[in-house]
Amino acid sequence: MLANRTTRIAVSPTMKVAADALRLKAQGIDVVDLGAGEPDFPTPPHVSAAAHAAIDANFTKYTSNSGTEELKRAVCARYKADYGVEYSTAETIITAGGKQALFNAAMCLFGPGDEVITHMPGWPTLVEQIKLADATPVVVRTHAEDGFELRADAILRAITGRTRGIVINSPGNPTGALISEADMAAVADEAARRGIWLLLDLCYEKLIYDPTPHNLPGILAARHRDRSVFCGSASKAYAMTGWRCGWALAPADLVNACNAIQSHSTSNVCSITQKAAVAALTGPQSCVTAMLDEYRHRRDQTVKWLSAEPRLRLRKPAGAFYLFVDVSEFLSPDGIRTSAALAEALLDEARVAVTPGEAFDAPGFIRISYATSLDVLRRGIRTILEFVRALETRGRAVG
Ligand SMILES: Cc1ncc(COP(=O)(O)O)c(C=O)c1O
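Residues numbered from 1 in each chain as written. Predicted model: local features only at pLDDT ≥ 70, side-chain atom pairs only at ≥ 80, totals over all residues. Heavy atoms only, no water.

**Regarding the state of the cysteines**
Link 1 in the chain: Counted under the stated rule, the structure contains zero disulfides.
Link 2 in the chain: The closest cysteine sulfur to the non-disulfide-bonded Cys 76 is located on Cys 245, 13 Å from its own sulfur.
Link 3 in the chain: Residue Cys 108 stays outside any disulfide, its sulfur separated by 3.9 Å from that of Cys 258, the closest cysteine. (Disulfide = S-S within 2.5 Å.)

**Some details on the pattern of salt bridges**
Link 1 in the chain: Tallying each qualifying case throughout the model produces 30 salt bridges.
Link 2 in the chain: Arg 8 is the partner of Asp 134 in a salt bridge, and the nearest nitrogen-oxygen pair spans 2.5 Å. Residue Asp 134 is found in the loop between α6 (124-132) and β4 (136-141), and its partner Arg 8 is found in helix α1 (residues 5-8); the two are separated by 126 residues along the sequence.
Link 3 in the chain: Residue Asp 134 is classed as partly exposed on the basis of its relative accessible area of 38%.
Link 4 in the chain: Relative accessible area serves as the criterion here: at 30%, Arg 8 is assigned to the partly exposed category.
Link 5 in the chain: For Lys 316, the salt bridge is made with Asp 300, and the minimal N-O distance between the two is 3.3 Å. Here Lys 316 is found in the loop between α12 (286-307) and β9 (322-326), whereas its partner Asp 300 is found in helix α12, with 16 residues between them in sequence. (Salt bridge = Lys/Arg side-chain N within 4 Å of Asp/Glu carboxyl O. Helix = DSSP H or I, 4+ residues; strand = E, 2+ residues; numbered from the N terminus. Buried < 20%, exposed > 50% of the residue type's maximum accessible area, 1.4 Å probe, protein only.)

**Focus on the sheet that holds β4**
Link 1 in the chain: Taken together, seven strands build an open sheet; the order of strands is β2-β8-β7-β6-β5-β3-β4 and the sheet is mixed. Of all the strands in the sheet, just β2 (92-95) and β4 have a single pairing partner and so form its edges. In this sheet, adjacent strand axes meet at a mean angle of 20° when their direction is disregarded.
Link 2 in the chain: Along the sheet, helix α4 (residues 69-83) makes contact with β2, β7 (228-233) and β8 (246-249), crossing β2 at roughly 110°. (Pairing = 2+ DSSP bridges. Axes fitted to C-alpha atoms, helices over the stretch in contact; angles between N-to-C directions. Contact = heavy atoms within 4.5 Å.)

**Details of the nonpolar core**
Link 1 in the chain: Of all hydrophobic cores here, the largest spans 53 residues; its most connected members are Leu 71, Ile 166, Ile 168, Met 184 and Leu 198.
Link 2 in the chain: When sequence neighbours within four positions are dropped, the list of residues in contact with Ile 166 reads Val 116, Ile 117, Ile 155, Ile 159, Val 187, Ile 196, Trp 197, Leu 198 and Leu 199.
Link 3 in the chain: Counting residues in each nonpolar core, the second largest holds 40 residues, with Ala 239, Val 352, Ile 381 and Ile 384 among its members. (Core = buried A, V, L, I, M, F, W, Y, C linked by side-chain atoms within 4.5 Å.)

**What about the side chain of Thr 118?**
Link 1 in the chain: Counting through the fold element by element, Thr 118 comes out in strand β3 (residues 115-120).
Link 2 in the chain: For Thr 118, a relative accessible area of 2% gives the class buried.
Link 3 in the chain: For Thr 118, the side chain forms a polar contact with the main-chain oxygen of Val 167, separated by 3.0 Å.
Link 4 in the chain: Sequence-distant contacts of Thr 118, defined by excluding residues within four places in its chain, comprise Leu 126, Val 127, Ile 130, Val 138, Val 139, Val 140 and Val 167. (Polar contact = N/O pair within 3.5 Å; in protein donor to acceptor, adjacent residues only side chain to side chain.)

**Considering the domain arrangement of the protein chain**
How big an interface is tends to be expressed through the accessible area that disappears when the partners come together.
Link 1 in the chain: Looking at the assigned domains, one finds that the protein chain contains domain 1 (5-42 + 286-389) and domain 2 (46-282).
Link 2 in the chain: Look at where the C-alpha atoms of domain 1 and domain 2 centre, and you get two points 25 Å apart.
Link 3 in the chain: Listed by partner, the interface residues are 33 residues for domain 1 and 35 residues for domain 2.
Link 4 in the chain: Where domain 1 meets domain 2, there are 17 residue pairs in polar contact (both at pLDDT 80 or more).
Link 5 in the chain: Counting residues per element, the ones that place at least two in the side of domain 1 that touches domain 2 are α1, α2 (13-26), α12, β9 and β12 (365-369). (Domains from an automatic or database assignment.)

**Structural notes on the site of the ligand**
Link 1 in the chain: Not every one of the 13 residues close to the ligand is listed here, only the nearest: Gly 98, Asp 201, Ser 233, Ser 235 and Lys 236.
Link 2 in the chain: Within the contact set of the ligand, an oxygen atom lies 3.1 Å away from a backbone nitrogen or oxygen of Lys 99.
Link 3 in the chain: In this structure, an oxygen atom belonging to the ligand sits 2.9 Å away from a side-chain N or O atom of Tyr 204.
Link 4 in the chain: If you tally residues by element for the shell around the ligand, the top one is helix α5 (residues 97-109), at three residues.
Link 5 in the chain: Broken down by class, the residue content of the shell around the ligand amounts to three nonpolar, six polar and four charged. (Near = heavy atom within 4 Å. Nonpolar A, V, L, I, M, F, W, Y, C, P; charged D, E, K, R; others polar.)

Written out as structure tokens, the structure is:
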């Protein structure tokens, strides 16, 4: 009844947890939500003010399909300031979130018979988009013992004669891990030698906690510019998830192809959003730093609280705003068997929402988002600790 491609993909599992939590909240149930993949901060006031001004000025019509020149210039200027890379507006397209930037690129670049390498545990959309493009995902696994770092040698080993693209997310969701500059350079050199496309998902690029050098765009622009795509987003950096604004920087031919696809699907990003994004990118960046400082504080506190229970294994993430916690010691054949079941029980019985590792192809883990207040985190972590500790007696009772 439905087209074949729908049988190859599943609805985003991260969105399912959010929907379950919302359903309970709508029934008036108090849920401690540690599932959210979005900032709890309001959009900075100067950004919202730009949107109000856009409405008042009746800037409410179609814009150029690929985005306004003003916003494209703002994106290029941001990347020049942040990474020292020079891109023109002809090499820039404005999209409905980073997700559409990645989707457009996958549609333009990948097809039947192509292998596309990406990494897991990771954001499921990257794999599903490869499948939607009728290509074959090749998954490189990263490991908790290694801080989930993506290593060049693992990627290089996965390359075959059919590899058409490599999609890298750094900082990564759900692990917060970064690929090092040296590893990125090694991947870029081999990709350049073989003519393989490199797509960077930079959604969390502004959320790196320690002064780690992480100029991935600079490395790719210098070594492999002809086949590199940078997909960025206003969502997480500027607390603008609902506004739906992202972008891609890529060779002009690819940008033109993305523009054609977008012109027959969604057209331009909301005109008002584009004005807000200009204010975000060109205005003071102190709001980004202030949010980053607060996330760092929450990360450190939450790691400390969780570390009180040594059977929950975790590392301090380098970026993004998630903790990826190994809960396998609390799973058992005669109790709660999987992390998915644990997440479900936590929501149903203890009213705490977390995302199970299964959503990121990593059973045995749960993802805890610290994009929420310290009070909520304190309550949530306390409840999680009580819940998992009580599991042992419960396992014995069931057994
Ligand atoms: C790794 C990663 N990339 C990209 C996105 C896309 O976000 P948006 O479309 O809001 O820019 C997300 C959203 O959660 C994400 O986690």
